[in-house]
Amino acid sequence: MKTIYKKKGFWIILVLVLAFAYLAFGGSGEPIEDELIEEEEESEPFVVMPDNPVKMTGETISVYNWGDYIDSEVIDVFEAETGIKVIYETFETNEDMYAKIAMGGSSYDVIIPSDYMIERMIQEELLQPINWNNVPNVKNIDPRFTHESYDPDFAYSVPYTWGTMGLLYNTQTVLEAPDSWDILLDEEYKMDLFMLNAPRDTMAIALVMAGHDLNSITPSDLADAKKLLIDQKPLVLAYVVDEVKDKMIAGEASVALVWSGDATFCMSESDELNYVVPKEGSNIFYDSMCIPHNARNVSGAEKFIDFMCRADVAAANYDYVGYAIPNTAAIELWGAEEYNASPVNNPPQETLDKCQVFKYLGDDTRLYDQIWTEIISEF
Ligand code: N2P
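These remarks concern the structure in this document. Since this is a predicted model, take the numbers as computed values, not measurements.

Observations regarding the overall build of the protein chain
Next, step 1: Helices and strands together make up the secondary structure of the protein chain, namely 14 helices and ten strands.
Next, step 2: Relative to its 379 residues, the protein chain shows a buried fraction of 55%.
Next, step 3: Across the protein chain, the fraction of contacts at a sequence separation of at least 24, relative to all contacts at a separation of at least 6, is 77%.
Next, step 4: Taken as a whole, the protein chain presents about 17,400 Å² of accessible surface, with 52% of it coming from carbon and sulfur.

Considerations on the environment of Pro199
Next, step 1: Secondary-structure assignment places Pro199 in helix α6 (residues 199–209).
Next, step 2: It is 8.0 Å that separates the C-alpha atoms of Pro199 and Glu95, two residues lying 104 residues apart in sequence.
Next, step 3: Once residues lying within four places of it in the same chain are set aside, the contact partners of Pro199 are Thr93, Glu95 and Trp372.

Some words on the site of the ligand
Next, step 1: Surrounding the ligand, one finds Trp66, Gly67, Tyr69, Ser114, Asp242, Trp259, Phe285, Asp287 and Tyr323.
Next, step 2: Measuring from a nitrogen atom of the ligand, one finds a backbone N or O atom of Gly67 at 2.7 Å.
Next, step 3: At 2.9 Å from a nitrogen atom of the ligand is found a side-chain nitrogen or oxygen belonging to Asp287.
Next, step 4: Burial of the ligand by the protein chains amounts to 99% of its free accessible area of 270 Å².
Next, step 5: Taking a 2 Å distance to the grid points as the criterion, the majority of the atoms of the ligand fall inside the largest cavity.

Description of the sheet that holds strand β2 (residues 85–91)
Next, step 1: One open sheet accounts for three strands, arranged β2-β1-β3; its pairing is parallel. Strand pairing shows two members of the sheet lacking a second neighbour, β2 and β3 (110–111), which therefore form its edges.
Next, step 2: Pairing of strand β1 (residues 60–66) with β2, which is carried by seven bridges, proceeds in the parallel orientation. By the bridge assignment, Tyr64 is partnered in β2 with Glu89.
Next, step 3: Against the sheet, helix α4 (residues 94–103) engages β1, β2 and β3, with an angle of about 145° to β1.

A short note on the pattern of salt bridges
Next, step 1: The final tally for this structure, using the stated rule, is 13 salt bridges.
Next, step 2: When the shortest N-O distance is used, the salt bridge between Lys85 and Glu79 registers 3.6 Å.
Next, step 3: The class for Lys85 is partly exposed, based on a relative accessible area of 41%.
Next, step 4: The residue Asp179 makes a salt bridge to Lys279 at a minimum N-O spacing of 3.7 Å. Within this pair, whereas Asp179 is found in the loop between β4 (158–170) and β5 (193–196), its partner Lys279 is found in the loop between β8 (273–276) and β9 (282–289), the two being separated by 100 residues in sequence.
Next, step 5: A residue is classified by how much of its surface remains accessible, and Asp179, at 43% relative accessible area, is partly exposed.
Next, step 6: On the basis of relative accessible area, Lys279 is assigned to the partly exposed category, the value being 47%.
Next, step 7: Taken together, the salt bridges that share partners define one network made up of Asp68, Lys245 and Asp262.

Some remarks on empty space enclosed by the protein
Next, step 1: All chains considered together, the criterion is met by four cavities of 30 Å³ or more.
Next, step 2: Computed from the structure, the largest cavity encloses a volume of approximately 150 Å³.
Next, step 3: Lining the largest cavity are 18 residues, with Trp66, Tyr69, Trp259, Phe285 and Asp287 sitting closest to its centre.
Next, step 4: Within the residue set of the lining of the largest cavity, elements represented by two or more residues are α5 (115–123) and β9.
Next, step 5: Partitioning the lining of the largest cavity into residue classes produces seven nonpolar, four polar and seven charged.
Next, step 6: Of the volumes computed, that of the second largest cavity is approximately 120 Å³.
Next, step 7: Sorting the residues of the lining of the second largest cavity by element identifies β4 and α11 (311–321) as the ones contributing at least two each.

Observations regarding unusual backbone geometry
Leaving glycine aside, a negative phi is the common case for residues, and trans is the common case for peptide bonds.
Next, step 1: Its identity as a non-glycine residue notwithstanding, Asp68 has a phi of 50°, on the positive side.
Next, step 2: Among the secondary structure elements, Asp68 is positioned in the loop between β1 and α3 (72–82).
Next, step 3: In this structure Asp68 comes out as partly exposed when scored by relative accessible area, which is 44%.
Next, step 4: Although it is not a glycine, Glu125 adopts a positive phi angle of roughly 55°.
Next, step 5: As for its position among the elements, Glu125 is in the loop between α5 and β4.

Calculation notes
Residues numbered from 1 in each chain as written. Predicted model: local features only at pLDDT ≥ 70, side-chain atom pairs only at ≥ 80, totals over all residues. Heavy atoms only, no water. Helix = DSSP H or I, 4+ residues; strand = E, 2+ residues; numbered from the N terminus. Buried < 20%, exposed > 50% of the residue type's maximum accessible area, 1.4 Å probe, protein only. Contact = heavy atoms within 4.5 Å. Areas by Shrake-Rupley, 256 points an atom, 1.4 Å probe, with all protein chains shown as cover. Near = heavy atom within 4 Å. Polar contact = N/O pair within 3.5 Å; in protein donor to acceptor, adjacent residues only side chain to side chain. 1 Å grid on protein atoms, 1.4 Å probe; cavity = no way out; pocket = protein on both sides within 12 Å on 5 of 7 lines; lining within 4 Å. Sits in = over half its atoms within 2 Å of the grid points. Pairing = 2+ DSSP bridges. Axes fitted to C-alpha atoms, helices over the stretch in contact; angles between N-to-C directions. Salt bridge = Lys/Arg side-chain N within 4 Å of Asp/Glu carboxyl O. Points joined across faces, edges and corners; volume = space filled by probe spheres on them. Nonpolar A, V, L, I, M, F, W, Y, C, P; charged D, E, K, R; others polar.

What follows is the structure, given as structure tokens:
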């Protein structure tokens, strides 16, 4: 990520270091100056605050998103451009978000669920169709990401990010690059593994490891997955979600089950980390912006969604968050060559062919929830 170059402290330190080098080496520090010029070019922010921010109008929208999933500067710019205040809340898993919305106690204007949860919420009439006339920047979204199985008519969801699940591993302690999920059962990594505290995701990987389909609802398949996860528990240091990033960067464990965007972030912070989608296959996910059925400010929600689809905004957000984006114009602006060079965010077709989207499993979702509670409660 290039974010570090935007921080003021970075520039102050860089200037001091260069001044010192200049004095110490009698002005012969040309190569360093060249580097500075290169980095300065990279530092151009993608979105800028308007010179004359619009006064707050008193209008608000509430946005409910995953943790660590937006650049807060982007929210500031939205508020300054529109005068609409954003009330921002986060969740850790689709299941947590769903429970809150389905209970009906809270109302949000924009939410960002994943594919299978969007499919469920459409079926349960918890989402409202989007009026595309009010979201013109949808033109920036690559058609490859629209009309997916969870929203086949492309009526309820605006693609935000996408990615795979895979293994983030520390190359200093995992000497041979893993290519199989089996490493998650390797005694050599006892208390040296992080698993995701997200029921559908972790169950899916256990199903794949047991040789089953990751959307299986066959009770004996689920029993195999449950046994595998219970047997694995002595090896697991912790079940985590967003915390995994700091922990892996700090070298607290050798291997973690992660989402690809978190791997991108970690790899930008540490050269010791690498990511692989194991050969047995994995999940591919799409997270999209939606408007819940009981939104209070639909026109504010449309403005926010349209803003997030703008090339400069989506590029800034990608730069910060690290998850792959479905926004062609933003990728161009950010730098298509560098973007496409990342196998993490832009996996080869051969990897994609081995990945499946989660389907909504109807009432059988309850089986997953029960099993997950049993697994977690034993900790
Ligand atoms: C970001 C969560 C990513 C969601 N913290 C993966 N679907």
